[in-house]
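# Inside the fold
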Amino acid sequence: LAVCHSSGSGSNARDSRGEISSANYAAREAGVRAGMFLRDALKLCPQLVTAAYDFGQYEAVAVEVMTVLFEFCELVEIRSVDEAY
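Cut-offs used in this document
- Residues numbered from 1 in each chain as written.
- Predicted model: local features only at pLDDT ≥ 70, side-chain atom pairs only at ≥ 80, totals over all residues.
- Heavy atoms only, no water.
- Patch = residues over 30% accessible without salt bridge, like charges linked within 9 Å, V, L, I, M, F, W, Y side chains within 5 Å.
- Areas by Shrake-Rupley, 256 points an atom, 1.4 Å probe, with all protein chains shown as cover.
- Salt bridge = Lys/Arg side-chain N within 4 Å of Asp/Glu carboxyl O.
- Helix = DSSP H or I, 4+ residues; strand = E, 2+ residues; numbered from the N terminus.
- Phe/Tyr/Trp six-rings, centres within 6.5 Å; stacked < 30°, edge-to-face > 60°.
- Buried < 20%, exposed > 50% of the residue type's maximum accessible area, 1.4 Å probe, protein only.
- Lys NZ or Arg CZ within 6 Å of the ring centre and 35° of its normal.
- Pairing = 2+ DSSP bridges.
- Axes fitted to C-alpha atoms, helices over the stretch in contact; angles between N-to-C directions.
- pLDDT = per-residue confidence, 0-100.
- Core = buried A, V, L, I, M, F, W, Y, C linked by side-chain atoms within 4.5 Å.
- Contact = heavy atoms within 4.5 Å.

### Here we look at a nonpolar patch on the surface
Taken together, the side chains of Tyr53, Phe55 and Tyr58 define a hydrophobic patch exposed on the protein surface, amounting to about 270 Å² of accessible area. Checked against the element boundaries, Phe55 lands in helix α3 (residues 55-72).

Listed below in structure tokens is the structure:
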């Protein structure tokens, strides 16, 4: 299983430039890595099942986490939707 920016294992997925965001251990054992194009991942792991992530939901949770950080810290540097220090 891999989560990617592009959905699906359909016939056009083999030509997809969608990017893998995350992969489970079984997919990693086959060589699938974050940042890899979906088409390349499918060459390594033809049985790969993909799921598109829900960016809106991801962003909503990130806002909740950042809100907690601001409650406990005087200074928070936000680098991206899922990175802060």
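There is more to say, and it comes next.
### Quick word on the packing of aromatic side chains
Summed over all chains, the structure comprises 1 aromatic pair. For the ring pair Phe55 and Tyr58, a centre distance of 6.3 Å and an interplane angle of 25° mean the geometry is stacked. Taken as a pair, Phe55 and Tyr58 lie in helix α3 at a separation of 3 residues, close to a single helical turn. Looking at Phe55, the relative accessible area reads 41%, which means it is partly exposed. The exposure class of Tyr58 is partly exposed, given its relative accessible area of 37%. Over the ring of Tyr25 we find Arg28; its NZ or CZ atom is 5.2 Å from the centre of that ring.

### Some details on the sheet that holds strand β1 (residues 2-4)
Paired through backbone hydrogen bonds, the strands of a sheet run either parallel or antiparallel to each other. Strand order in this open sheet of 3 strands is β2-β1-β3, and the pairing throughout is mixed. Strand pairing shows two members of the sheet lacking a second neighbour, β2 (20-23) and β3 (50-52), which therefore form its edges. Across the sheet, the mean angle from the axis of one strand to that of its neighbour is 30°, orientation sign disregarded. Across 3 bridges, the pairing between β1 and β3 is parallel. The residue of β3 that forms the bridge with Val3 is Ala51.

### Remarks on the confidence of the model for the chain
Averaged over all residues, the pLDDT of the chain equals 86, while 87% of them reach at least 70. The element-level mean pLDDT for the chain is lowest in β3, coming to 86, with helix α1 (residues 25-29) highest at 96.

### Describing the nonpolar core
The biggest cluster of nonpolar side chains holds 12 residues, and these are Ala2, Cys4, Ile20, Ala23, Ala27, Val32, Met36, Leu38, Ala41, Leu42, Cys45 and Leu48. Of all elements in the fold, only β1, β2 and α2 (38-44) reach the threshold of two or more residues within this core. The element best represented in this core is α2, accounting for 3 residues. Apart from the residues within four sequence positions on either side, Ala23 is in contact with Leu1, Ala2, Arg28 and Val32.

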